[in-house]
Amino acid sequence: MSPVSRGFRRRRLPDAEPGRVPPGQYVTGDFPVLSAGPTPRTALQNWTFSITGGGEPRSWTWEQFRALPAEPVTADIHCVTRWSKLDTRWEGVSIDTLLDQVEHHAGFALAHSDGGYTTNLPLQDVTGGRAWVAFGYDGEPLEPEHGGPARLLVPHLYFWKSAKWVRSLELLDADEPGFWETYGYHMYGDPWLEQRYAGD
Amino acid sequence: MAGTALRGRLTWQIAMVDTVTDETARVRTIVLDVPQWPGHRAGQHLDVRLTAEDGYRAERSYSIASAPGEPVAITVERLDDGEVSPYLTQELRAGDELELRGPIGGYFVWEPEDDGPLMLVAGGSGIVPLRAMLRHRQRSGSAIPARLLYSSRTLPDVIYQSELSRYADGVEVTCTLTRQQPPGWTGRAGRVDAKLLSEVCWPAAVSPLAYVCGPTSFVEAAAAGLVGLGYPPHRVKTERFGATGGR
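Since this is a predicted model, take the numbers as computed values, not measurements.

Glancing now at the overall build of chain A. What chain A contains, in helices and strands, is four helices and 11 strands. Relative to the compact-globule value of 16 Å for 200 residues, chain A shows a C-alpha radius of gyration of 18 Å, a close match. Taken along its principal axes, the extent of the C-alpha atoms in chain A is 60 × 35 × 30 Å. Counting the 200 residues in chain A, one finds 41% classified as buried. Nonlocal contacts in chain A, meaning residues at least 24 apart in sequence, comprise 63% of its contacts between residues at least 6 apart.

So, in structure tokens, the structure goes:
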């Protein structure tokens, strides 16, 4: 039984229509930044995106990557620190498009980013039109502090899964914890189930 | 990046407020009696959950302000458009109960065994987890030399003012005031920029370990500045909070 805090009350109007925002989240108009280290800045001529762990490793330069078919994505995003942002507008390359060029039988993926960040995802969560490598935000190139030149976008999971500065996907047979997952955050991270920490 | 994984479930438990202490006009430290606290490391945070009479609930994360081994304390800055921080800083009294769970996080932590001089850079209430590190250093008898560069708007906004002025024995505290400096101010003036960092921070050659905490724009500038001074990015650990004050 939770103790009632006298004098504590809802101060905000409901943020959105019922069912739009996962439990425990509040809506923000800002775009807060959370990351564990300095913002890496990789020049586009040195940037590549790779998929490893499948049959033949596949790699794209920035030019090759940007020549792939891209699509606009409008999605609500949910950070484990409890802010949600509605109707964010992105542009990116579907992970399906990238994986189409790789032979594999993997069940999981570990995303690797500049700066050493990693995060793990079941492959079925990054396929089927549910995940992108995003390079545009709100009609502009994605800013470095928000993960530019390119970040993972997996809006149906907590946003730490949408790895900033992503540079490769490692295909794996078994699930392996990434950076925050090693520090006690949930292996899957479904915001609708409030899977914030291990055991939630 | 080997971490200390949190094992098992983080369960909610009821804590009782032991004391509340105003640090500044907008900032209050709340010391909590947490019967089942498993212990924490300097730099970790916890989640607080409040329940209103009508059943409405809100949760927020707060950095732990106390050192490992001390009673659990959080230091909360009131955000005028916030929901939880006005309650915690204005309504909450000693003897009240609230729910919490933790500790959470294992990357932005410091242990006396970590090598290299300690470089702490704080903006505003970003001082809170760094204060836990300084207290931990003191209590553990560590001889690791430490420097703190702490940016506040004005002198009355400086959190833990008297405590920070008492540190000696290998701790150098430098405060900078960005908006207004009182007459006779002997600290620094202006924002943390490349020049101030280069004058105050350990040179990269001594392999310092840096922790930067504050608002996003502050952390972006300070962390980039340290990398510019030659700090390897993996030796600069950051914690940011957005303008909306998730913290």
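Turning next to the sheet that holds strand β3 (residues 58-61) of chain A. Residue and element names in this part refer to chain A. An order of β3-β2-β11-β6-β7 is seen for the five strands of this open sheet, with the pairing classed as mixed. Either end of the sheet is taken by a strand with one partner, and the two such strands are β3 and β7 (118-122). Each adjacent strand pair in this sheet contributes to an overall mean axis angle of 15°, direction not counted. Inspection of the sheet shows strand β2 (residues 48-52) paired to β3 by four bridges, in the antiparallel sense. Bridging across to β3, Ile-51 finds its partner in Arg-58.

In this section: the nonpolar core. Counting residues in hydrophobic clusters, the biggest one holds 113 residues, and the most contacted among them are Val-133 of chain A together with Leu-120 of chain B. Per element, the largest residue contribution to this core is seven residues, and it comes from helix α5 (residues 216-228) of chain B.

The subject of this paragraph is the sheet that holds strand β12 (residues 236-241) of chain B. Residues and elements named next belong to chain B. In space, the six strands of this open sheet follow the order β10-β9-β8-β7-β11-β12, with parallel pairing throughout. Two strands bound the open sheet, and with one partner strand each, they are β10 (188-189) and β12. Two elements, strand β7 (residues 118-123) and strand β11 (residues 209-215), share five bridges in a ladder whose sense is parallel. Among the inter-strand pairings, Leu-120 is bridged to a residue of β11, identified as Tyr-211. The strands touched by helix α2 (residues 127-139) are β7, β8 (146-152), β9 (171-177), β11 and β12; relative to β8, the strand with the most contacts, the crossing angle is about 155°.

The subject of this paragraph is the interface of chain B and chain A. Listed per partner, the contact involves 41 residues of chain B and 35 residues of chain A. For the side of chain B that touches chain A, the secondary-structure elements that each account for two or more residues are β3 (45-51), β4 (57-63), α1 (85-91), β6 (97-104), α5 and β12 of chain B. In terms of residue class, the side of chain B that touches chain A is built from 18 nonpolar, 12 polar and 11 charged.

All names here are of chain B. Here chain B is partitioned into domain 1 (13-104) and domain 2 (118-241). Each partner contributes residues to the interface: domain 1 has 16 residues there, and domain 2 has 13 residues. Considered class by class, the residues forming the side of domain 1 that touches domain 2 number seven nonpolar, six polar and three charged.

The subject of this paragraph is α5 of chain B. Residue and element names in this part refer to chain B. Here α5 spans 18 Å end to end across 13 residues, near enough to the 18 Å set by a 1.5 Å rise per residue. Counting buried residues along α5, 10 of its 13 residues qualify, which places the element largely inside the surrounding structure. Taken as a whole, α5 has its buried residues at Thr-216, Phe-218, Val-219, Glu-220, Ala-222, Ala-223, Ala-224, Gly-225, Leu-226 and Val-227. Where α5 is buried, its residues contact β7, β8, α4 (194-200), β11 and β12. Just downstream of α5, Gly-230 is the residue with a positive phi angle, here 105°.

Calculation criteria
Residues numbered from 1 in each chain as written. Chains lettered and ligands numbered in written order. Predicted model: local features only at pLDDT ≥ 70, side-chain atom pairs only at ≥ 80, totals over all residues. Helix = DSSP H or I, 4+ residues; strand = E, 2+ residues; numbered from the N terminus. Rg over C-alpha atoms; globule rule 2.2 N^0.38 Å. Buried ≥ 20, exposed ≤ 12 C-beta atoms within 10 Å, placed from the backbone. Contact = placed C-beta atoms within 7 Å. Pairing = 2+ DSSP bridges. Axes fitted to C-alpha atoms, helices over the stretch in contact; angles between N-to-C directions. Core = buried A, V, L, I, M, F, W, Y, C linked by C-beta atoms within 7 Å. Nonpolar A, V, L, I, M, F, W, Y, C, P; charged D, E, K, R; others polar. Domains from an automatic or database assignment. Expected span 1.5 Å × (residues − 1).

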